[in-house]
Amino acid sequence: MTLSDWLIYAEDILEKAECYDSRLDAKLLAAGVLKKSPGEIRFLGNCALKDETLDILNQYLSRRAAGEPLQYIENTAYFMDFAFFVDENVLIPRQDTETLVELALEKIKGIKNPEVLDMCTGSGAIALSLAHYRKDARVTASDISEDALNVAKKNAFLTGAKTEFVLSDLFNALAGRKFDLITVNPPYLTKEDMKSLQKEVKREPALALYGGEDGLDIYRRIAREIYRFLSPGGYALLEVGQGQAKDVLALLSNENTSESGIEKDLCGIDRVVWIRSL
Ligand code: GLN
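Cut-offs applied
- Residues numbered from 1 in each chain as written.
- Predicted model: local features only at pLDDT ≥ 70, side-chain atom pairs only at ≥ 80, totals over all residues.
- Heavy atoms only, no water.
- Axes fitted to C-alpha atoms, helices over the stretch in contact; angles between N-to-C directions.
- Helix = DSSP H or I, 4+ residues; strand = E, 2+ residues; numbered from the N terminus.
- Parallel < 35°, antiparallel > 145°, perpendicular 65-115°, else oblique.
- Left-handed = near helix turned anticlockwise from the far one by under 90°.
- Contact = heavy atoms within 4.5 Å.
- Nonpolar A, V, L, I, M, F, W, Y, C, P; charged D, E, K, R; others polar.
- Pairing = 2+ DSSP bridges.

J.: How should I be thinking about the packing of helix α2 (residues 22-34) against helix α4 (residues 51-65) in this particular structure?
T.: Between two packed helices, what matters for the description is the angle formed by their axes and the separation of those axes. The contact between α2 and α4 brings their axes to 10 Å, and the two run at 140°. What the angle tells us is that α2 and α4 run oblique. In the crossing of α2 with α4, the sense of the turn from one axis to the other is right-handed. Counting all contacts with α2, which are made through Asp25, Leu29, Ala30, Val33 and Leu34, the residues of α4 involved are Thr53, Ile56, Leu57, Tyr60, Leu61 and Arg64. Among the residues forming the contact of α2 with α4, the class breakdown is 8 nonpolar, 1 polar and 2 charged.

Listed below in structure tokens is the structure:
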């Protein structure tokens, strides 16, 4: 079988399994297995596939057809400038979240040697990107899940970005610390959202997705404590779900707030809520 034959076969299987972009997924699966870029795959159509390669391609294909995200199958998710290791212990980093990283970098531009905390770090994508772009920062990454932290540590090793890891339920293990920047992409899906998840999202850890009945439970807990952990003039940036920005901004705004705002993602959806401490 040639690669072209396999691509046609794979696209058909994925189409029948209702994968939203079957042609692209077939190509990306092949690219991952053959260790080529998706662009290079186009020129390899006439290559005859070895039996071992075909076996792996077909294994990956049936996992993808069963609804497993491509990123878990290939243990890779692209975010900012990195290919991060991901598995079923962590949320797959979304492109929307790059907005949060970019805004965070902008906010702390004028702060030398910033102390940074990334809570609910998951794969570490936010923390490690910040550490990479701000080599003078001291970055701490925390998560409630030890399995997630192990993934983040692996990514620290792969990217070479320097970060300290703390097992912590939000601020619980961070008493007495102060930060110039706190970033969080907490679980924020509602009870209703959880009932109608895409089959790929169902494979992601519920712990990283579910934010209680109205999706705002974790923001409420964060709002109660956050100003104690911010240095004077420090910033907090939180990712929010569609339609949550105003409520989250209201939860975080109080007599300690000096400035605040809402930032849209690339699709024009209010995605990041930020506040600055007095
Ligand atoms: N952005 C994810 C989704 O829409 C949710 C991530 C989260 O809850 N932080 O599926």
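J.: Sorry, what's going on with the environment of isoleucine 182 here?
T.: Locating isoleucine 182 in the fold gives a position in strand β6 (residues 179-184). Put simply, isoleucine 182 and leucine 237 are 55 residues apart on the chain and 6.3 Å apart in space, counted from C-alpha to C-alpha. Ignoring anything within four residues of it in the chain, the contact list for isoleucine 182 reads Leu117, Met119, Phe171, Ile226, Phe229, Leu230, Tyr235, Ala236 and Leu237.

J.: It is not clear to me how unusual backbone geometry should be interpreted in this structure. Could you clarify?
T.: In this model, cysteine 120 sits at a positive phi of 55°, which is unusual for a non-glycine residue. With phi around 45°, leucine 170 is a residue other than glycine that occupies positive phi space. Mapped onto the fold, leucine 170 is located in the loop between β5 (164-167) and β6.

J.: How should I be thinking about the sheet that holds strand β4 (residues 138-143) in this particular structure?
T.: Note: strands within a sheet are paired through backbone hydrogen bonds, in either parallel or antiparallel orientation. Pairing is mixed in the open sheet, where 7 strands are placed in the order β5-β4-β3-β6-β7-β9-β8. Single-partner strands in this sheet number two, and they are β5 and β8 (257-264). Going across the sheet, the axis of each strand differs from the next one's by a mean of 15°, ignoring polarity. Of the strand pairs in this sheet, strand β3 (residues 115-119) and β4 are connected by 4 bridges, and their pairing is parallel.

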